Amino acid sequence: MRKDIASNFYSYLEYLLKNSTLEKPLWNKEVLIGLKKSGWTYIDGCMMVGLTTLYLQTRDEKLFEYIKNYIDPIVPEDGKIKILYYNNYNEYTTTGRDSDPCNEAKVLFLLYHKTKEEKYLKAIHYMHNQVKNLPRVEGNFWHKDKYPNQIWLDGLYMIQPFYAQWEKEFNHGESFNDIVFQLENCFNLTWEESRQLMVHGYDGNYRDSNKRMIWANPFNGHSKIVWLRACGWYEMALIDCYEIIEDSVLRERIAKLIQKTIDGLLMYLDSERKMFWQVVDEPKKKGNYLETSGTLMIAYTILKAVRFGVLSNKYKEIGEEIFYGTCDTYFKKNEDGILSLGGICIGAGLTSSRTDAYAGTYEMYIERKIVSDDGKAIGPFLMAFAELSKFNNN
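The shown structure was predicted, so the numbers you read here are calculated from the model rather than taken from an experiment.

**A look at the side chain of Asp270**
Summarising the element assignment, Asp270 is placed in the loop between helix 11 (248-266) and helix 12 (292-307). One buried charge, Asp270, has no salt-bridge partner; the nearest side chain with opposite charge is Arg273, at 5.9 Å.

If you want it as structure tokens, here you go:
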């Protein structure tokens, strides 16, 4: 680990934690600018999962106490976490089905194991019921209620590691086959051999001209764009599920997916900066930029996959180069002299529109706001740092 990065990393983390509250977390830009309400969000989940990963590496009890103090107020005694769903009419509702809330639920296992508080156990089962109630298309969970019959790569990371951990702890892994099937099926439904990449999403209604989304290819249901962060979400889903699912046959199936998709992505790695582009396969197109969150997700996946022997040792140097390349490009002091992690797409998504010509276009992915210090990048930053630290400690 480079000493300059390690020193700045801990200073940065201390600043973020010291100056954040549940109502105004510095890492949740969508809350700070009014796009989302504070509470149980997948963005806070990214940060909490990152802190959990770092805690398990360092065993710094101050990190655990921070996680507990942050999560505790939003987990009621009956375990029924209040989830706000954002519908197609720009309204919040407390009813819905959505993959995103499962991301923050991943930290409930640690909280229950450490504290033995029943409310965390109840919350784990409550969130598992959310998973079970999600509809499916061609065997995979929908991304959200408001996107009928759509599979997004994002959703695989939000749901599958939580689903796998629940199966491991409470159901003897009876549904591990279902989890690996969904990982493989998502690959099969979104992979494009010509590009050696997975597109962002799949529309299960593509065969019906009266229901097909405007962004969907009428011949295979693919969205047009390969979005970096979507690829990053999927890679993290693969390696985290690999860690949880200890069955050797199922692990081999996941390992094949990791090898193929990582090799595909590396074809597009920027040779100078060692980062990936927001739209992965169009680096020279106007407006495209090197994006932090997805790049760090891939760095984390590569380093962890090397540690588990999924990828050979030659990939370790690649993972390090990607991590350090991101730090050298975007991790530096801002105009106020405060350490900042920049180059982060605030968010991008497909829609349930059949008429919005902007949906799923190159312009949509490129024109979304670019922010600094967002949890969707900070979480993977913490996770990649923890993985790199494990190599340095061995």
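Moving on from the model shown.
**Observations concerning a nonpolar patch on the surface**
Together, Leu32, Ile33 and Leu35 make up a nonpolar patch on the protein surface, roughly 250 Å² of accessible area in all. By the secondary structure assignment, Ile33 is in the loop between helix 2 (29-32) and helix 3 (42-58).

**Structural notes on the nonpolar core**
Ranked by internal contacts, the top residues of the largest apolar core, which has 145 residues, are Ile71, Leu108 and Phe323. Counting residues per element, this core draws most heavily on helix 10 (residues 228-244), at twelve residues. Beyond its immediate stretch of four places on either side in the chain, Ile71 contacts Trp40, Met48, Glu104, Val107, Leu108, Leu111 and Tyr120.

**Digging into the environment of Gly319**
With respect to the helices, strands and loops of the structure, Gly319 is situated in helix 13 (residues 314-330). Judged by relative accessible area, which is 0%, Gly319 ranks as buried. Separated by 33 residues in sequence, Gly319 and Ser352 place their C-alpha atoms 36 Å apart. In this structure Gly319 touches Ala299, Ile302 and Leu303, once residues within four positions along its chain are discounted.

**A word on helix 8 (residues 153-170)**
Under the 1.5 Å per step criterion, the end-to-end length of helix 8 is 26 Å for 18 residues, consistent within 8% with the ideal 26 Å. With 15 of its 18 residues buried, helix 8 lies for the most part within the structure. Downstream of helix 8 by a residue or two, His172 has a phi angle that is positive, lying close to 55°.

**Let's talk about the pattern of salt bridges**
Here the structure, examined in full by the defined rule, presents 26 salt bridges. A salt bridge links Lys68 to Glu117; the shortest N-O distance between them is 3.5 Å. With Lys68 in helix 4 (residues 61-71) and Glu117 in the loop between helix 6 (108-115) and helix 7 (118-132), this residue pair connects regions lying 49 residues apart in the sequence. A residue is classified by how much of its surface remains accessible, and Lys68, at 17% relative accessible area, is buried. Look at the salt bridges and you will find they share partners, linking Glu30, Lys36, Asp374 and Lys376 into a network.

So, how was this worked out
- Residues numbered from 1 in each chain as written.
- Predicted model: local features only at pLDDT ≥ 70, side-chain atom pairs only at ≥ 80, totals over all residues.
- Heavy atoms only, no water.
- Helix = DSSP H or I, 4+ residues; strand = E, 2+ residues; numbered from the N terminus.
- Buried < 20%, exposed > 50% of the residue type's maximum accessible area, 1.4 Å probe, protein only.
- Lys, Arg positive; Asp, Glu negative; His and termini not counted.
- Salt bridge = Lys/Arg side-chain N within 4 Å of Asp/Glu carboxyl O.
- Patch = residues over 30% accessible without salt bridge, like charges linked within 9 Å, V, L, I, M, F, W, Y side chains within 5 Å.
- Areas by Shrake-Rupley, 256 points an atom, 1.4 Å probe, with all protein chains shown as cover.
- Core = buried A, V, L, I, M, F, W, Y, C linked by side-chain atoms within 4.5 Å.
- Contact = heavy atoms within 4.5 Å.
- Expected span 1.5 Å × (residues − 1).

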